[in-house]
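Residues per chain, in single letters:
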Amino acid sequence: SDTQLRKMILTLPAISGYNLDTNIEPTLDAVQKYLKLSDDELRKMILRSPQIISFSYDDNIKPTLSVMQNYLKLSEDDLRKMILTQPSIVSSSFDNYTKPKLDAVQNYLNLSTDELRKMILRQPSIIGYSFDDNIKPTLDTLQNRL
């Protein structure tokens, strides 16, 4: 819709200058194919996280999805559901952003990889939280209160 396009352009104005044939379409097609998304799922994902369009599929998105899937031992369906719930994961650097956060949570709570996977699948938005500013203080408070 016009409202959704307007919101997306206001969120990421650079999109208006991207080449449809060399930037937008190849990225959208590759993401849709890799995650086995319907047209509606792809649309919702991009509307929630338009910056995905600004990344190279081969250089950024595919490696991020692949390493995330391997690191958490996710099935294709698990990965798909996680990304649909928290699409901004696609545009985050795994090594610089996501992995340190996952490691911190895993170490702090002494979780097995399977427990970490289950936790992230249950609440993928945890990946978007700051460990030091949000997760750790909340866990510390709960530990002290319980």
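Residues numbered from 1 in each chain as written. Predicted model: local features only at pLDDT ≥ 70, side-chain atom pairs only at ≥ 80, totals over all residues. Heavy atoms only, no water.

Caption draft 1: Structural view of the overall build of the protein. In terms of helices and strands, the protein carries 8 helices and 0 strands. Taken from the N to the C terminus, the helices and strands of the protein come in the order α-α-α-α-α-α-α-α. If you line up the protein on its principal axes, its C-alpha atoms span 55 × 30 × 25 Å. Within the protein, contacts between residues at least 6 apart in sequence are counted, and of these 64% link residues at least 24 apart. Carbon and sulfur atoms provide 49% of the accessible area of the protein, an area that totals close to 8800 Å². On the protein, the mean spot of the 18 positive side-chain charges and the mean spot of the 19 negative ones are 6 Å from each other. (Helix = DSSP H or I, 4+ residues; strand = E, 2+ residues; numbered from the N terminus. Contact = heavy atoms within 4.5 Å. Areas by Shrake-Rupley, 256 points an atom, 1.4 Å probe, with all protein chains shown as cover. Lys, Arg positive; Asp, Glu negative; His and termini not counted. Charge placed at Lys NZ, Arg CZ, Asp CG, Glu CD.)

Caption draft 2: Up close: the packing of aromatic side chains. Evaluation of the coordinates by the stated rule reveals 3 aromatic pairs. Between Tyr71 and Phe94 the ring centres are 5.3 Å apart and the planes differ by 65 degrees, which places this aromatic pair in the edge-to-face class. Here Tyr71 is found in helix α4 (residues 57-71), whereas its partner Phe94 is found in helix α6 (residues 94-109), with 23 residues between them in sequence. Residue Tyr71 is classed as partly exposed on the basis of its relative accessible area, which comes to 23%. Between Tyr108 and Phe131, the ring centres sit 5.8 Å apart and the planes meet at 75 degrees, which makes this aromatic pair edge-to-face. (Phe/Tyr/Trp six-rings, centres within 6.5 Å; stacked < 30°, edge-to-face > 60°. Buried < 20%, exposed > 50% of the residue type's maximum accessible area, 1.4 Å probe, protein only.)

Caption draft 3: Structural context of the confidence of the model for the protein. For the protein, the average pLDDT comes to 89, and 100% of its residues sit at 70 or higher. Mean pLDDT across the elements of the protein bottoms out in helix α1 (residues 2-11) (78) and peaks in helix α7 (residues 113-122) (95). (pLDDT = per-residue confidence, 0-100.)

Caption draft 4: Geometry of the nonpolar core. Within the largest apolar cluster, 36 residues are counted, with the highest numbers of intra-cluster contacts made by Met45, Met68, Met82, Ile83 and Ile120. Elements that contribute at least two residues to this core include exactly α2 (20-35), α3 (39-48), α4, α5 (76-85), α6, α7 and α8 (131-145). Here this core takes 5 residues from α2, the largest share from any one element. Residues contacting Ile120, with those up to four places away along its chain left out, are Leu72, Met82, Leu102, Ile126 and Ile127. (Core = buried A, V, L, I, M, F, W, Y, C linked by side-chain atoms within 4.5 Å.)

Caption draft 5: Just α6, in detail. The complete set of buried residues in α6 reads Phe94, Thr98, Lys101, Leu102, Asp103, Val105 and Gln106. Contact partners of the buried residues in α6: α4, α7 and α8. The residue sitting at the N-terminus of α6 and contributing the capping side-chain oxygen is Ser93; that oxygen lies 3.2 Å from the backbone nitrogen of Asn96. Looking one or two residues beyond α6, the residue adopting positive phi is Asn110, at roughly 55 degrees. (Polar contact = N/O pair within 3.5 Å; in protein donor to acceptor, adjacent residues only side chain to side chain.)

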